[in-house]
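Spelled out, the chains give:
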Amino acid sequence: MTFTLTRTHWVSVTAVVLALLFAGAATVASAGDGGEARPPRTPAADSAEAGFARDMSVHHQQAVEMSFIVRDRTKDAEVRRLAYDIANTQANQRGMMQGWLDLWGLPKVAMDQEPMEWMGMASHHGGAGQGLMPGMATKAELDRLRAASGRQAEILYLQLMTDHHKGGVHMAHGCVEKCEVPVERQLAQGMVDAQESEIRLMADMLAQRGAKPRG
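Scope of this entry: the structure provided in the associated data block.

Cut-offs and rules
As a convention, each chain's residues are numbered from 1 in the sequence order in which they are written. Reporting of local features is limited, given that this is a predicted model, to residues whose pLDDT is at least 70; pairs of side-chain atoms are given and counted only at 80 or more, and all residues count toward the totals for whole chains, interfaces and linings. Values shown for side chains rest on all heavy atoms present in the structure; no hydrogens or waters enter the calculation. Salt bridges are defined by distance alone: a side-chain nitrogen of Lys or Arg within 4 Å of a carboxyl oxygen of Asp or Glu. Strands are runs of DSSP state E lasting at least 2 residues, helices are runs of H or I lasting at least 4, and numbering of each runs from the N terminus. Note on exposure labels: buried denotes an accessible area under 20% of the residue type's maximum, exposed denotes more than 50%, and partly exposed covers the range between, all computed with a 1.4 Å probe on protein chains only. Throughout, the protein atoms alone are placed on a 1 Å grid, and a set of points is a cavity if a 1.4 Å probe fits but cannot get out or a pocket if it is open with protein on both sides within 12 Å along at least five of seven lines; lining residues have an atom within 4 Å of a point. Grid points are joined across faces, edges and corners, and a volume is the space filled by probe spheres set on the points. Three categories are distinguished: nonpolar for Ala, Val, Leu, Ile, Met, Phe, Trp, Tyr, Cys and Pro, charged for Asp, Glu, Lys and Arg, and polar for the others, with Gly belonging to the last.

### Digging into the pattern of salt bridges
Applying the stated rule across the entire model yields nine salt bridges. A salt bridge links E65 to R146, with the nearest nitrogen and oxygen atoms 2.7 Å apart. With a gap of 81 residues between them, E65 in helix α2 (residues 48–73) and R146 in helix α4 (residues 139–147) connect regions that are remote in the sequence. Owing to a relative accessible area of 37%, R146 belongs among the partly exposed residues under this scheme. For R209, the salt bridge is made with E78, and the minimal N-O distance between the two is 3.7 Å. Residue R209 is found in the segment after α6 (182–208), and its partner E78 is found in helix α3 (residues 77–104); the two are separated by 131 residues along the sequence. When its relative accessible area of 8% is taken as the criterion, R209 is described as buried. You can call E78 partly exposed: its relative accessible area is 27%. Residues participating in the shared-partner salt-bridge network are E65, K139, D143 and R146.

Written out as structure tokens, the structure reads:
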């Protein structure tokens, strides 16, 4: 099946290019007067950079999961195209963030930190007390999506993904404000721009189906 390259894809492509430039830019910036390169500053395990990369990787993974679920539960081309765009973009971005953690020599899971701690938040702000980050769907909601089909699945997916994107935008804004690594801050701003656009698109898609966002 052929899919049109959307603006969301361009955000992903831009982020990949920025990631490829990151290592070279860091080396040039760290060169001393004598031309010898100094190792670039590595973010600490409890930094905003590390916290955002870890938490948004988890957040993105659920968006990918929900998108694959709905692609099996509806034949609607518009919803399936949106689900493909979201799954593709967020899987690519997740790979970049996981790659940064590897580059920095930092664990992908922080055993001594709560999700959102880098933002000064506790993870209980999302997920109905299940320790989920903002906007994430609960297990019960994912089970409902798996059991739904047709228009019911489309509406539930659009509602869940709208909530998910709102939480993701909130987290990305946190990195834009707190992260010091330019390429990561730029990726976070790209997430804000793309997901806010998709929130508006999903509101229109819900209205076409006689529904509206949940909150």
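Picking up after the structure, the text goes on.
### Quick look at the layout of surface pockets
For the second largest pocket, the calculated volume is near 290 Å³. Surrounding the second largest pocket, 19 residues form its lining, R54, D55, A110, Q113 and P115 being those nearest its centre. Considering only residue class, the lining of the second largest pocket consists of 10 nonpolar, four polar and five charged.

Everything listed is a geometric property; what it means functionally is a separate question.
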